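Residue strings, one per chain:
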Amino acid sequence: MTRRISQSITPTAEDVAALRGPFVSKGANDPVIKALREYFKQTSPAWLGKLDEKQELTRERLAEIREASAKRRVVIEALPDGKARTNALAELEQTDAVIDEMDTALAGAGAFGGIN
C-alpha cells in the first residue's frame, strides 16, 4: 500500500474573482484590446492612411513609418505562433524592405544632386 499526501486550499469568493479576473474573455470590449487598438492608432503616422502613389515621401516620412513598424513589430512578436502573427510579420518585412529601398534611392539622389 502506498501513501498519498495531498494539500489543497479552498478559495474564497474574492480569491476566485482575483484568480479568474485577468483571464475572463471580454471580447471586443476588453479594455486591454481597446488599449492595444489605441496604441496601434497612436503609433502610426496620421498621414499614412491617406498616402497614395501621387504623393512624394521624404526621408523623414520614411523614418516615421520605420519607427511605427518597429513599435508594431514588438507587439506582434509577443503573439503566439500562428497564421495571424506570421502574416503580420511578413507584412512588416515587406514594409521594411520598401522603406530600405526608397531610403537608399533617396540617399543616392542626394549624393548626385537629385538627378533621376
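What counts and how
Residues numbered from 1 in each chain as written. Predicted model: local features only at pLDDT ≥ 70, side-chain atom pairs only at ≥ 80, totals over all residues. Heavy atoms only, no water. Helix = DSSP H or I, 4+ residues; strand = E, 2+ residues; numbered from the N terminus. Rg over C-alpha atoms; globule rule 2.2 N^0.38 Å. Contact = heavy atoms within 4.5 Å. Areas by Shrake-Rupley, 256 points an atom, 1.4 Å probe, with all protein chains shown as cover. Lys, Arg positive; Asp, Glu negative; His and termini not counted. Charge placed at Lys NZ, Arg CZ, Asp CG, Glu CD. Expected span 1.5 Å × (residues − 1). Buried < 20%, exposed > 50% of the residue type's maximum accessible area, 1.4 Å probe, protein only. Arc of directions from axis to C-beta. Core = buried A, V, L, I, M, F, W, Y, C linked by side-chain atoms within 4.5 Å. Phe/Tyr/Trp six-rings, centres within 6.5 Å; stacked < 30°, edge-to-face > 60°. Lys NZ or Arg CZ within 6 Å of the ring centre and 35° of its normal. Salt bridge = Lys/Arg side-chain N within 4 Å of Asp/Glu carboxyl O.

**Q** Explain the overall build of the protein to me, please; I cannot follow it from the model alone.
**A** For the protein, the count of helices and strands is 4 helices and 0 strands. Over its C-alpha atoms the protein spans a radius of gyration of 24 Å, topping by over 25% the 13 Å that the globule rule assigns to 116 residues. Partitioning the intrachain contacts of the protein with sequence separation of at least 6 by distance along the chain shows that 49% fall at a separation of at least 24. When the accessible surface of the protein is totalled, it reaches about 9,900 Å², and 56% of it is carbon and sulfur. Counting 17 positive and 18 negative side-chain charges, the protein places the centres of these two groups 9 Å from one another.

**Q** Looking at this structure, I do not really get helix α3 (residues 59–77). What am I missing?
**A** For an α-helix, the turn length of 3.6 residues means that residues three or four places apart are oriented alike. Along its 19 residues, α3 runs 26 Å from first to last C-alpha, staying within 8% of the 27 Å computed at 1.5 Å per residue. Within the span of α3, buried status applies to L62, I65, A68, S69, R73 and I76. When α3 is viewed along its axis, its buried side chains cluster within an angular range of 145° and face the same direction. Turned more than 90 degrees away from the buried face of α3 sit E60 and V74, all of them exposed.

**Q** Would you mind showing me how to read the nonpolar core here?
**A** Nonpolar side chains tend to gather and get buried jointly when the protein is soluble and globular. Residues F40, I76, A88, L89 and L92 constitute the largest nonpolar core, which totals 5 residues. A per-element tally of this core places helix α4 (residues 83–111) first, with 3 residues.

**Q** Teacher, can you tell me more about the packing of aromatic side chains here?
**A** Given two aromatic rings, one states the distance between the centres and the angle between the planes to describe the pair. On inspection of all chains with the given rule, the structure shows 1 aromatic pair. The residue whose ring lies beneath R61 is W47, and the NZ or CZ to ring-centre distance is 4.3 Å. The ring centre of F40 lies 4.1 Å from the NZ or CZ of R72, which sits over that ring.

**Q** Could you clarify how one ought to interpret the pattern of salt bridges in this entry?
**A** Between side chains of opposite charge, a pair can form when the charged atoms approach closely. This structure, assessed with the given rule, holds 8 salt bridges. Between E67 and K71 there is a salt bridge, and its shortest N-O distance comes to 3.2 Å. You can see E67 and its partner K71 sitting in helix α3, 4 residues apart, about one turn around the helix. On the basis of relative accessibility, which here comes to 48%, the residue E67 falls in the partly exposed class. The salt bridge partner of R73 is D96, with a shortest N-O separation of 2.9 Å. Within this pair, whereas R73 is found in helix α3, its partner D96 is found in helix α4, the two being separated by 23 residues in sequence. The same class applies to R73 and to D96, which are both buried. The structure contains a network of salt bridges with shared partners spanning R59, R66, D100 and D103.

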